[in-house]
Amino acid sequence: MTTGDIRPRSGDDNTRFRLTVVDQALRLFAEKGYEATTVDEIAEAAGISRRTFFRQFRSKEDVIFADHESQLAQAAEFLAGEPGDPWETVCEAVVQVFERFTQWREIAARRYQVVRRVPALREREIVTVFRYERLFTDYLRDRLPEVPDLARVQYTAAVTATHNYLLRRMVRGESDAGAADLRVELAAIPRGTPRRPVDELVLAVFPRDTPPRQVADLVARKLGSL
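Residues numbered from 1 in each chain as written. Predicted model: local features only at pLDDT ≥ 70, side-chain atom pairs only at ≥ 80, totals over all residues. Heavy atoms only, no water.

What follows deals with the packing of aromatic side chains. Both the distance between ring centres and the angle between the ring planes are used here to describe each pair of aromatic rings. Applying the stated rule across the entire model yields five aromatic pairs. Geometrically, the ring pair formed by F29 and Y34 is edge-to-face, given 5.1 Å between the ring centres and 65 degrees between the ring planes. For the residue pair F29 and Y34, the accessibility class agrees, reading buried in each case. Pairing W87 with Y155 gives two aromatic rings, centres 4.8 Å apart and planes at 80 degrees, and the pair type is edge-to-face. Highlighted residues: W87 in helix α6 (residues 86-103) and Y155 in helix α9 (residues 149-171), separated in sequence by 68 residues. Of the two residues, W87 and Y155, neither departs from the other in class, the shared state being buried. Joined through ring pairs, the aromatic side chains of F53, F54 and F57 make up one cluster. Here the basic side chain of K60 rests over the ring of Y34, its NZ or CZ set 4.6 Å away from the ring centre. (Phe/Tyr/Trp six-rings, centres within 6.5 Å; stacked < 30°, edge-to-face > 60°. Buried < 20%, exposed > 50% of the residue type's maximum accessible area, 1.4 Å probe, protein only. Helix = DSSP H or I, 4+ residues; strand = E, 2+ residues; numbered from the N terminus. Lys NZ or Arg CZ within 6 Å of the ring centre and 35° of its normal.)

We now examine the environment of L144. Positionally, L144 belongs in the loop between α8 (119-143) and α9. We classify L144 as buried; its relative accessible area is 9%. When the C-alpha positions of L144 and T193 are compared, they lie 9.7 Å apart, and in sequence the two are 49 residues distant.

Packing of α6 against α9 brings their axes to within 11 Å, and their N-to-C directions diverge by 20 degrees. Here α9 runs roughly parallel to α6, going by the angle between their axes. The two elements α6 and α9 cross, and the hand of that crossing is right-handed. When α6 is examined against α9, the residues W87, V90, C91, V94, V97, F98, F101 and T102 are found in contact with a partner set consisting of Y155, V159, H163, L166, L167 and M170. When the residues that make up the contact of α6 with α9 are grouped by side-chain class, the tally is twelve nonpolar, two polar and no charged. (Axes fitted to C-alpha atoms, helices over the stretch in contact; angles between N-to-C directions. Parallel < 35°, antiparallel > 145°, perpendicular 65-115°, else oblique. Left-handed = near helix turned anticlockwise from the far one by under 90°. Contact = heavy atoms within 4.5 Å. Nonpolar A, V, L, I, M, F, W, Y, C, P; charged D, E, K, R; others polar.)

We now examine α9. The terminal C-alpha atoms of α9 lie 33 Å apart, and with 23 residues this matches the ideal 33 Å at 1.5 Å per residue to within 8%. Positive backbone phi, approximately 75 degrees, marks G173, located one or two places after α9. (Expected span 1.5 Å × (residues − 1).)

Let's shift gears to empty space enclosed by the protein. Applying the stated rule across the entire model yields one cavity of 30 Å³ or more. Looking at the largest cavity, its volume works out to about 270 Å³. Lining the largest cavity are 18 residues; nearest its centre among them are H68, F101, H163, N164 and L167. Breaking the lining of the largest cavity down by element, the ones donating at least two residues are α6, α7 (105-115), α8 and α9. When residues of the lining of the largest cavity are assigned to their parent elements, the largest contribution, six residues, is made by α9. (1 Å grid on protein atoms, 1.4 Å probe; cavity = no way out; pocket = protein on both sides within 12 Å on 5 of 7 lines; lining within 4 Å. Points joined across faces, edges and corners; volume = space filled by probe spheres on them.)

Here's what the structure looks like:
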């Protein structure tokens with residue numbers, strides 16, 4: 001163990017510990033390059049031993065996306081404990097992710113700069129985004145089984161893309177959009193509707209000589225009153 005080796009604790013302390021390592025790793029990646037930076041250099045910069053590093057992270061690549069693991073875990077915990085409207089719950093989970101990234105803005109900005117230079121990391125980022133979408137889609141499948149699956153998938157893809165768009169603009173210094181702005185954009189995304197039962201039929205009878213336009217108007221008015 002190195003002198004002054006920092007041992008992770010549980011809960012929030014462990015999250016802060018991991019973020020400290022992530023921060024130091026991203027700083028080194030930005031200064032020296034991803035490939036040129038070693039695990040030993042990251043451990044030394046973070047004040048931990050090589051063994052402690054590997055207890056928390058499997059590789060250099062894992063360090064870059066470590067805060068996403070915390071984000072996913074917190075989002076899953078929120079979804080599991082929220083009994084409200086499922087569509088609103090997904091939106092609130094997305095907003096909470098955004099707010100935490102706002103608190104860690106420097107880390108998010110550093111990661112953006114590192115990831116955009118390394119193709120393998122860009123691929124890992126795509127997989128990470130999909131994990132958020134899958135988490136939200138699985139939640140909606142459980143809570144809203146009557147909604148068509150395509151509608152659920154389209155919704156979670158849209159809310160995730162909206163979050164990522166605003167986050168990237170923020171880390172690039174192109175926008176100061178906050179959680180309130182994200183909520184406005186998420187509220188505008190269409191939500192799925194339940195399927196109509198297959199045996200629900202509407203039968204209309206009209207005289208043969210009824211003009212087609214009148215038939216259409218009458219049907220529209222009747223269906224609107226059901």
